[in-house]
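Here is what each chain is made of, one letter per residue.
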Amino acid sequence: MKAIPYGRQNITEEDVKAVVETLKSDYLTQGPKIAAFETAFAKYIGSKYAIALANGTAALHLCTLALGVKEGDKVITTPITFAASANCVRYCGGEVVFSDIDPETYLLDIDKVRTLLEASPKGTYKGIIPVDFAGRANNLEAFRALADQHDLWIIEDACHSPGGSFKDSNHKTQNCGNGNYADLAIFSFHPVKHIASGEGGMITTNDEKLYQKLLQLRTHGIVKNNNAYTNSIALAGGKETYPGWYMEMQNLGFNYRLTDFQAALGLSQLSRSDKGIEKRREIASNYFDAFKNKSFIKGQSGVIEGHAYHLYVIEVQDRLGLYNHLRDKNIFAQIHYIPCHLMPYYQQFGWKEGDMPNAENYYKHCISLPMYPILTDEEQAYVIDSINLFYSEKY
Ligand SMILES: *Cc1c(COP(=O)(O)O)cnc(C)c1O
């Protein structure tokens, strides 16, 4: 059996054609594919605006910048996430406050966040970054209500959940990243994520002011718009109007742009995204059926409505033994995640073992099984058999 990773991209002939066509076009970057990808992505997610970026981490960075995070600002997030969800606060000098997960959903526990907020005077915290971990949607309607009580913004880290959703209190489907509750949402197009563009990211929002700010920050803080300049026409070197070459750098921004050929790949991949999620749900359903009565696995809840299944996580006995056994079988399961607060970088701020008991207990048992649309039935059966074999031999 060839190596089976926990996640991988699916590049079709169509994708290759889309990239090659763009390589032969007039634009390698700052061309029409960016706008086409943004428009299609916003439509898919159901947000007003979408801004394509170099990667998901750049997207997070621009979000904290656009929301004005500064030295000492306290922002709440989950310890069970990729470090970038927390790091974006640090890029702006803010302080990361981790809050524990719900042991059933593995998501930020809203009751714990509420307790945290109520223990300090209003204004102590500036924002919350919930993460749709593994592809499971946070109930952002509930987070919005809590955030409004405390004047907080919300950045939804939806890297795992394009195409995911939750049901609001009116039983209406709310897509992850649709901008109805979070101020900003971010996505990644790294090859293990649902939509691959090599490196790539996206911010979605319904807030036009934030959208304009983000566009500027993406390209060095430069403005090119005759109606928005602050220098005079004379200083710009014109007579009656601003000269054709003129532009202004009004803020300190970055070059966080995506290239056109990456956007072409993302756009082509996006057209198959729903099919990919269908396949992911099918794989999840097979895993659930295979393991539902096994005592070595913590009780699973079955296939969850609205879950985008970026990952299929189980909690098991003897996780280290299973992980090594699977590696011997050429199956590369992965651990998501080492709790962020235990990273040496975050320990320097005083975080330590024991601070997040649910996250730490989860980390002792969790393992992510292979989950991607081109995982074949045969490969999945091999993964399931290998797991059963390990426990039948050992227990
Ligand atoms: C992948 C990921 C990111 C970062 O995205 P990059 O495109 O790799 O920079 C951030 N948050 C989460 C939850 C992720 O999974």
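Above this text is the structure in question.
Residues numbered from 1 in each chain as written. Predicted model: local features only at pLDDT ≥ 70, side-chain atom pairs only at ≥ 80, totals over all residues. Heavy atoms only, no water.

Colleague: Requested: an account of the site of the ligand, with residues and values cited.
Modeller: The full set close to the ligand counts 14 residues, and Gly56, Thr57, His160, Ser188 and Lys193 are the nearest of them. A distance of 2.8 Å separates a nitrogen atom of the ligand from a polar side-chain atom of Asp157. Taking 380 Å² as the accessible area of the ligand by itself, protein coverage stands at 92%. Here the residues of the shell around the ligand sort into four nonpolar, eight polar and two charged. (Near = heavy atom within 4 Å. Polar contact = N/O pair within 3.5 Å; in protein donor to acceptor, adjacent residues only side chain to side chain. Areas by Shrake-Rupley, 256 points an atom, 1.4 Å probe, with all protein chains shown as cover. Nonpolar A, V, L, I, M, F, W, Y, C, P; charged D, E, K, R; others polar.)

Colleague: So what's going on with the environment of Lys122? Residues and values would help.
Modeller: Mapped onto the fold, Lys122 is located in the loop between helix 5 (110–118) and strand 5 (125–129). In the structure, Lys122 is positioned 103 residues away from Asn225 in sequence and 39 Å away in space, judged by C-alpha atoms. Residue contacts for Lys122: discarding those within four places in its chain leaves Gln149, His150 and Asp151. Within the structure, the side chain of Lys122 is placed 3.4 Å from the backbone oxygen of Gln149, a separation counted as a polar contact. (Helix = DSSP H or I, 4+ residues; strand = E, 2+ residues; numbered from the N terminus. Contact = heavy atoms within 4.5 Å.)

Colleague: Quick rundown of the packing of aromatic side chains? Include the residues and the values.
Modeller: Taken as a whole, this structure holds 25 aromatic pairs when the rule is applied. Ring plane angle 50° and centroid distance 5.9 Å describe the contact between Phe166 and Tyr181, whose orientation is recorded as tilted. Of this pair, Phe166 sits in strand 7 (residues 165–167) while Tyr181 is found in the loop between strand 8 (173–175) and strand 9 (184–188), placing the two residues 15 residues apart along the sequence. Accessibility expressed as a relative area gives 11% for Phe166, which makes it buried. Between Phe296 and Tyr391, the ring centres sit 3.8 Å apart and the planes meet at 5°, which makes this aromatic pair stacked. Residue Phe296 is found in the loop between helix 10 (273–291) and strand 13 (312–315), and its partner Tyr391 is found in helix 14 (residues 377–394); the two are separated by 95 residues along the sequence. Tyr391 matches Phe296 in its accessibility class, with the two residues each being buried. Taken together, Phe82, Tyr106, Phe133, Tyr337 and Tyr362 form an aromatic cluster joined through their ring pairs. Taking the ring centre of Tyr363 as reference, the NZ or CZ of Arg319 above it sits at 5.1 Å. (Phe/Tyr/Trp six-rings, centres within 6.5 Å; stacked < 30°, edge-to-face > 60°. Buried < 20%, exposed > 50% of the residue type's maximum accessible area, 1.4 Å probe, protein only. Lys NZ or Arg CZ within 6 Å of the ring centre and 35° of its normal.)

Colleague: Give me the packing of helix 1 (residues 13–23) against helix 9 (residues 260–270): which residues, what numbers.
Modeller: Packing of helix 1 against helix 9 brings their axes to within 8 Å, and their N-to-C directions diverge by 155°. Between helix 1 and helix 9, the crossing angle belongs to the class labelled roughly antiparallel. The two elements helix 1 and helix 9 cross, and the hand of that crossing is right-handed. On helix 9, the residues that touch Glu14, Asp15, Ala18, Val19, Thr22 and Leu23 of helix 1 are Asp260, Phe261, Ala264, Leu265, Ser268 and Gln269. (Axes fitted to C-alpha atoms, helices over the stretch in contact; angles between N-to-C directions. Parallel < 35°, antiparallel > 145°, perpendicular 65-115°, else oblique. Left-handed = near helix turned anticlockwise from the far one by under 90°.)

Colleague: Could you give an account of the packing of helix 2 (residues 32–45) against helix 9, with specific residues and numbers?
Modeller: Running from amino to carboxyl end, helix 2 crosses helix 9 at an angle of 30°, the nearest separation of the two axes being 8 Å. Regarding the angle of helix 2 to helix 9, the classification is roughly parallel. Helix 2 and helix 9 meet at a crossing whose hand is left-handed. Residue-level inspection shows Pro32, Lys33, Ile34, Ala36, Phe37, Ala40, Phe41 and Tyr44 of helix 2 in contact with helix 9, the latter providing Asp260, Ala263, Ala264, Gly266, Leu267 and Leu270.

Colleague: Can you explain the pattern of salt bridges? Please cite residues and give values.
Modeller: In this structure the tally under the stated criterion is 15 salt bridges. For Lys292, the salt bridge identified is with Asp289, shortest N-O distance 3.6 Å. On the basis of relative accessible area, Lys292 is assigned to the partly exposed category, the value being 43%. Classification of Asp289 as partly exposed rests on a relative accessible area of 43%. By sharing partners, the salt bridges in this structure join Glu104, Lys298 and Glu315 into a single network. (Salt bridge = Lys/Arg side-chain N within 4 Å of Asp/Glu carboxyl O.)

Colleague: Quick one: what's the story with the sheet that holds strand 4 (residues 95–98), residue by residue and with numbers?
Modeller: If you walk across this open sheet you meet the seven strands as 2-10-9-6-5-3-4, and the pairing is mixed. If you trace the sheet from one side to the other, it starts and ends with strand 2 (49–53) and strand 4, each paired once. When strand polarity is set aside, the average angle formed by the axes of neighbouring strands in this sheet is 25°. Note that strand 5 and strand 6 (residues 153–157) share two bridges and pair parallel. Note on strand 6: the bridge partner recorded for Gly127 is Trp153. Its contacts with the sheet place helix 3 (residues 56–66) against strand 2, strand 6, strand 9 and strand 10 (201–205), and it is angled at close to 165° to strand 9. (Pairing = 2+ DSSP bridges.)

Colleague: Break down a negative patch on the surface for me, citing the residues and quoting the values.
Modeller: Where like charges cluster on the molecular surface, the negative patch consists of Asp274, Glu278, Glu282 and Asp377. A total of three residues in the negative patch trace back to one element, the largest contributor, which is helix 10. Within the secondary structure, Glu278 sits in helix 10. Since its relative accessible area comes to 56%, Glu278 is described here as exposed. (Patch = residues over 30% accessible without salt bridge, like charges linked within 9 Å, V, L, I, M, F, W, Y side chains within 5 Å. Lys, Arg positive; Asp, Glu negative; His and termini not counted. Charge placed at Lys NZ, Arg CZ, Asp CG, Glu CD.)

Colleague: Hey, could you go over helix 14 for me, with residue numbers and the actual values?
Modeller: Compared with an ideal rise of 1.5 Å per residue, which puts 18 residues at 26 Å, helix 14 spans 26 Å between its outermost C-alpha atoms and is within 8% of the ideal. Looking only at helix 14, the buried set comprises Glu379, Gln380, Val383, Ile384, Ser386, Ile387, Phe390 and Tyr391. In an axial view of helix 14, the angular spread of the buried residues amounts to 155°, which keeps them on one side of the axis. Exposed and oriented more than 90 degrees from the buried face of helix 14 are Asp377, Glu378, Asp385, Ser392 and Glu393. (Expected span 1.5 Å × (residues − 1). Arc of directions from axis to C-beta.)

Colleague: Kindly report on the pairing of strand 4, identifying the contributing residues and their values.
Modeller: Bridge count for strand 3 (residues 74–77) against strand 4 is four bridges, and the pairing is parallel. Each residue of the ladder has a partner; that of Ile76, found in strand 4, is Val97. Where the polypeptide runs from strand 3 across helix 4 (residues 84–91) and back to strand 4, its parallel neighbour, the crossover connection is right-handed. (Right-handed = clockwise from strand over helix to strand, strands pointing away.)

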